[in-house]
Amino acid sequence: MREATRQAIGRTGAALLGLLTLASAVILGFTQADAAPSAEDQAAAIPVAVAARLVEYDSGARLTFDLSAPVEGRAFALADPDRIVVDVPEVNFQIDPAVGRPQPGRALGGIVKSFRFGLLGPGKSRIVIDLNGPARIERLSTVAIAKGAQAARLQIDLGRCEPAVFLQSVKEAEQAPPPAETPAPIDGAAPSGPPVIVLDPGHGGVDGGAYGPPGVVEKTLVYDFSDELRKKLEAEHRYKIVMTRKGDEFVSLGDRVRIARDANAALLISIHADSLPETADVSGATVYTLADRASDAEAARVAEHENAADKAAGLQQAPDDPGVADILFDLKRRESRVYAHMFSRGVIGEWRMAGRLNRNPERSAGFMVLKAPDFPSVLLELGYLSNPQDVKALTSPEWRDKATNALVAAIDHLFAAQTAPDPKAQAVAGAPAQPAAVALPAPQADDKSGH
Ligand SMILES: [Zn+2]
């Protein structure tokens, strides 16, 4: 990244404004979240990005991030595939990652193929711009949104250039000295490395879970499902996979959460199958996320049933709630929940093409196994062992293949914004700590509902 492209904070980039008003300018994406960061965000001193937009014009493009506070970035070029990378101090991106992805039948732009953003490592965030053709960084600037305002825009201006110019900038970036080490994170965030995905097959050992027709037991069915999912994810070489049980063994709910936390989980997926013998026509998969209050009576019933797993195995004590009364922790918890909702919607979207969904597939309740505050978790009920069609599906290898593929796609989607596509780029931190552009719920103390 050259001095010519590294611009002082406060420059307005007026020369480019004229170009931006060209009639051909197209606003390709805009996401607006709550523009006023909460007191917790300010306390955490991590700038919040609330919107991103890409404007393309004939000779270039401008990618803008609206931030609660100015950040200074460092931009450089990478080849194969051709990218522009902008490194910034840690930013809390409250922006839907979809804003940076082309939609079916609609390219994002002429120069910019796609862009993504997220936590790179402790105290560091990164914006990666995938290019359709050679481009160079014309200006990287931070501009106050209004005079005297703390809120600022990070503007990345790109211009089309000859391939040789692009390659030269790649070479220069390779020769540039690495940036100074950033300080350690305040909350002891995950070490760098591939994202850790924890697969939690429900029940096991003495606790069989739900029973279907003879020979169909939840603990075996969900273990086989999880194991197939593990193999597929491992084959991608993008994640580290941890299983909470290694076979037909009993693991308490508290230990499942502990295993995930000790592994620095980026995501936990608890896998179960349900049974409702009185209403055998109820069928399909349901994705549950944690909530203090159950979304409906059915969700409350499922949480109560799953939370009783320890009791089924003769354990007395409920797992301790890992909640800590701390502002940063609370912020993390809220982020995790937003991410869990995003993933839940992703799973449902993919599942639609692979299998049957429950009539109301997205629910929430007070599941103990979902209570870790530091990473998103969801509980997936694959279907109902009391429904003949579901049993037929759940016990068929073809269905399992399709359903595990759906989950792999949802996981890839969730991590797409965070995971660098090639080994040249640094691996992302373990946790997808940045939520999407979803209004964060007001902080609430976890209650002890559902059990
Ligand atoms: Zn279960």
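Source: prediction; values computed, not measured. (Residues numbered from 1 in each chain as written. Predicted model: local features only at pLDDT ≥ 70, side-chain atom pairs only at ≥ 80, totals over all residues.)

Quick look at the overall build of the protein
Selection rule: Helix numbers and strand numbers start at the N terminus; a helix is a DSSP run of H or I with at least 4 residues, a strand a run of E with at least 2. Residues with at least 20 neighbouring C-beta atoms inside 10 Å of their own are called buried, those with 12 or fewer are called exposed, and the rest are partly exposed, where every C-beta is derived from the backbone. Two residues qualify as a contact pair if the distance between their C-beta atoms, derived from the backbone, is within 7 Å.
Each helix and strand in the protein was counted, giving 10 helices and 16 strands. Put simply, the protein has 451 residues, and 47% of those count as buried. Relative to all contacts within the protein whose residues are 6 or more apart in sequence, the contacts with residues 24 or more apart total 79%.

Quick notes on the sheet that holds strand 12 (residues 240-243)
What counts here: A pair of strands is considered paired only if DSSP assigns at least 2 bridges between the two. All axes here are fitted lines through C-alpha atoms, helices being fitted over the stretch that makes contact, and every angle between N-to-C directions spans 0 to 180 degrees.
On the basis of which strands lie adjacent, the open sheet formed by 6 strands has the order 12-11-13-16-14-15 and mixed pairing. The open sheet terminates on both sides in strands that have one partner only, identified here as strand 12 and strand 15 (357-365). Sheet twist, expressed as the average angle between the axes of neighbouring strands with direction ignored, equals 20°. Where strand 14 (residues 285-290) lies against strand 15, 5 bridges are found, and the strand directions are parallel. What sits directly across from Leu 290, in strand 15, is Ala 365. Relative to the sheet, helix 4 (residues 218-235) contacts strand 11 (196-201), strand 12, strand 13 (267-274) and strand 16 (377-384), its axis offset from that of strand 13 by approximately 145°. On the sheet, helix 6 (residues 297-307) packs against strand 13, strand 14, strand 15 and strand 16 and is oriented at approximately 65° with respect to strand 15.

Focus on the pairing of strand 3 (residues 60-67)
With 7 of 8 residues buried, strand 3 is to be regarded as a mostly interior element. Pairing between strand 2 (residues 48-57) and strand 3: 8 bridges, direction antiparallel. Counted as the bridge partner of Leu 54 is Leu 63 from strand 3. Hairpin geometry of strand 2 and strand 3 is characterised by an intervening segment of 2 residues between the two adjacent antiparallel strands. Bridge count for strand 3 against strand 10 (residues 152-160) is 8 bridges, and the pairing is antiparallel. Residue pairing for strand 10: Leu 63 is matched across the bridge by Ile 156.

Here we look at the packing of helix 4 against helix 10 (residues 397-416)
Helix-helix packing is described using two parameters, namely the angle between the two axes and the distance between the axes. Condition: Roughly parallel means an angle under 35 degrees; roughly antiparallel, over 145; roughly perpendicular, 65 to 115; everything else is oblique. Should the near helix be turned anticlockwise from the far one by less than a right angle, the crossing is left-handed, and should it be turned clockwise, the crossing is right-handed.
Where helix 4 meets helix 10, the closest approach of the two axes is 10 Å, and the angle between their N-to-C directions is 50°. Relative to helix 10, the element helix 4 lies oblique. Crossing of helix 4 over helix 10 shows right-handed handedness. Side by side, helix 4 and helix 10 meet where Phe 225, Glu 228, Leu 229, Lys 232 and Leu 233 of the first sit next to Arg 400, Thr 404, Leu 407, Val 408 and Ile 411 of the second.

Here we look at unusual backbone geometry
A cis amide bond, omega -10°, links Asp 80 with the succeeding residue Pro 81. Note on placement: Pro 81 falls in the loop between strand 4 (74-78) and strand 5 (83-89). Positive phi values are uncommon outside glycine, yet His 203 reaches one of about 60°. A positive phi angle is found at Asn 264, which is not glycine, with a value near 55°. Assignment of secondary structure puts Asn 264 in the loop between helix 5 (253-262) and strand 13.

Quick notes on the nonpolar core
Our working rule: As used throughout, a nonpolar core is a set of buried Ala, Val, Leu, Ile, Met, Phe, Trp, Tyr and Cys residues joined through C-beta atoms within 7 Å of each other.
One finds Ile 197, Leu 267, Phe 343, Phe 367 and Leu 380 to be the most contacted residues of the largest nonpolar core, which totals 62 residues. Ala 51, Val 71, Val 86 and Ile 111 belong to the second largest nonpolar core, which has 42 residues in total.

Considerations on the pairing of strand 11
One face of the sheet, then the other: side chains in a regular strand alternate in exactly this way. The element strand 11 is extensively covered by neighbouring structure, given that 6 of its 6 residues are classed as buried. Of the two faces of strand 11, the one carrying Val 196, Val 198 and Asp 200 and the one carrying Ile 197, Leu 199 and Pro 201 are both buried. Sheet topology note: the strand 11/strand 12 ladder contains 4 bridges and is parallel. From the neighbouring strand, Ile 197 faces strand 12, where its bridge partner is Ile 241. As judged from the 5 bridges shared by strand 11 and strand 13, these two strands associate in the parallel manner.

Points about the environment of Ala 45
As for its position among the elements, Ala 45 is in the loop between helix 2 (39-44) and strand 2. C-alpha separation for the pair Ala 45 and Val 91, spaced 46 residues apart in sequence, amounts to 9.5 Å.

Let's talk about helix 5
Within an α-helix, residues lying three or four positions from one another point in the same direction, as the helix has 3.6 residues per turn. For clarity, the cut-off: By construction, the arc corresponds to the directions joining the helix axis to the C-beta atoms.
Taken together, the buried positions of helix 5 are occupied by Leu 253, Arg 256, Val 257 and Ala 260. End-on view of helix 5: buried residues confined to an arc of 95°, all on one side of the axis. On the buried face of helix 5, the contacting elements are strand 11, strand 13 and helix 7 (309-312). One or two residues past the end of helix 5 sits Asn 264, with phi positive at roughly 55°.

Concerning the confidence of the model for the protein
Parts of the prediction with low pLDDT should not have their coordinates interpreted in detail. Here is the rule: One number per residue, pLDDT, summarises how confident the predictor is, and it ranges from 0 to 100.
Chain-level statistics for the protein give a pLDDT mean of 77 and a share of 75% at 70 or above. Residue range residues 317-325 is modelled with pLDDT below 50. Its contacts to residues more than four positions away, or to other chains, number 17 contacts. Counting contacts from residues 419-451, a segment whose pLDDT is below 50, to residues more than four positions away or on other chains yields 99 contacts.

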